[in-house]
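# What the coordinates show
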Amino acid sequence: MKYTQLGRTGLKVSRLVLGTMNFGPQTDEPTSHGILDSALDAGLNFVDTANVYGWGENKGRTEEIIGTWFAQGGGRREKTVLATKVYGSMSREGDTWPNEDRLSALNIRRAVEASLKRLHTDHIDVYQFHHIDRRTPFEEIWQAVDVLIQQGKILYAGSSNFPGYKIAQANETAARRGMVGLVSEQCLYNLAERRAEMEVIPAAQDYGLGVIPWSPLHGGLLGGVIKKEASGGRRASGRSADALANSSVRAQVQAYEDLLDKHGLEPGEVALAWLLTRPGVTGPIVGPRTAEQLDSALRALELELSEEVLAGLDEIFPGPGPSPEAFAW
């Protein structure tokens, strides 16, 4: 396993992040525990979740699965850098109540306590804001975070789905309070979706945040979906199916698969390996449903992409260019 610092911190994390969103909804508890054990055995020490994972009437279920894994002992918690998130409503349908979502000091305090209980731990290593809260000032958010840090319940704060200007606003406010501020940004970023390169990633780099891309295969679109369909395998669904309905996108994905087939490379592994070459990227989130999918993700760590392949990928999936040149000149 390869490790790097998380942004400007002294915290060492693996260059792949184990995403757990499938734990519960698609992957049962024993299989989830097996994947967590295999990841830890491979040296993957960074585990990401969120309080709302489990979804619907099962919100919190994913954290519970991780918690029962930690409860087995064997150094599982001590070896893991644990990240979870706060923002989404934890209310059950028909039982909504004010202050059960977003980033008010009250919800942050309640959400941390509930997550700690589900996760069977006394602290969260990286506590992430799942979305921006336009209603709550950063002064209030950082006051709540400061209390939790002083109590030892969280160590670092991170963001997810923040635009560049909110990263700047958050960290400037934190600096005025003498706080470390955000140390990571979890954003949608992959070969097919590169808009983060315009402002989000430059802002993260300037403020010393580690970039953690989510959906590195763009909902399966970059995982060899056309080839799988042709061979009678799993058909595209969700975001990738919608994208493939567009003829120009389908042609783009076909060109991508043809390029990698020419070089004897697996599309899903290349999509991850490409992200590992990108400036500012700490490590992409992989969300395996099975042990086999985890094995494939781990192989991407050893994959060295040639200049020819990298140039071909840029030609098929060109980036937006830097800001403001991309839209101003």
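Residues numbered from 1 in each chain as written. Predicted model: local features only at pLDDT ≥ 70, side-chain atom pairs only at ≥ 80, totals over all residues. Heavy atoms only, no water.

The angle between the axes and the distance between the axes are what describe a pair of packed helices. For the pair helix α5 (residues 138–150) and helix α6 (residues 164–176), the least separation of the axes is 10 Å and the interaxial angle reads 60°. It follows from the interaxial angle that α5 and α6 lie oblique. Seen along the crossing, α5 lies across α6 with a hand that is right-handed. Along the contact surface, α5 presents F138, E139 and W142, while α6 presents K166, Q169, A170, N171, T173, A174 and R176. (Axes fitted to C-alpha atoms, helices over the stretch in contact; angles between N-to-C directions. Helix = DSSP H or I, 4+ residues; strand = E, 2+ residues; numbered from the N terminus. Parallel < 35°, antiparallel > 145°, perpendicular 65-115°, else oblique. Left-handed = near helix turned anticlockwise from the far one by under 90°. Contact = heavy atoms within 4.5 Å.)

Bringing the sheet that holds strand β7 (residues 154–160) into the picture now. Here eight strands make up an open sheet; going across it, the order is β9-β8-β7-β6-β5-β4-β3-β10 and the pairing parallel. Edge positions in the sheet fall to β9 (210–214) and β10 (285–286), since each of these pairs with one other strand and no more. Relative to β10, strand β3 (residues 17–19) runs parallel, the two sharing two bridges. Bridged to L18 within β10 is V286. Packing of helix α4 (residues 105–119) onto the sheet brings it into contact with β5 (81–86), β6 (124–129) and β7, and relative to β6 it is tilted by some 135°. (Pairing = 2+ DSSP bridges.)

Turning next to the pattern of salt bridges. Considering all chains together, one arrives at 17 salt bridges under this definition. A salt bridge links R76 to D37, with the nearest nitrogen and oxygen atoms 3.0 Å apart. Note that R76 is positioned in helix α3 (residues 76–79) and D37 in helix α1 (residues 29–41), a separation of 39 residues in sequence. Given a relative accessible area of 16%, R76 falls into the buried group. (Salt bridge = Lys/Arg side-chain N within 4 Å of Asp/Glu carboxyl O. Buried < 20%, exposed > 50% of the residue type's maximum accessible area, 1.4 Å probe, protein only.)

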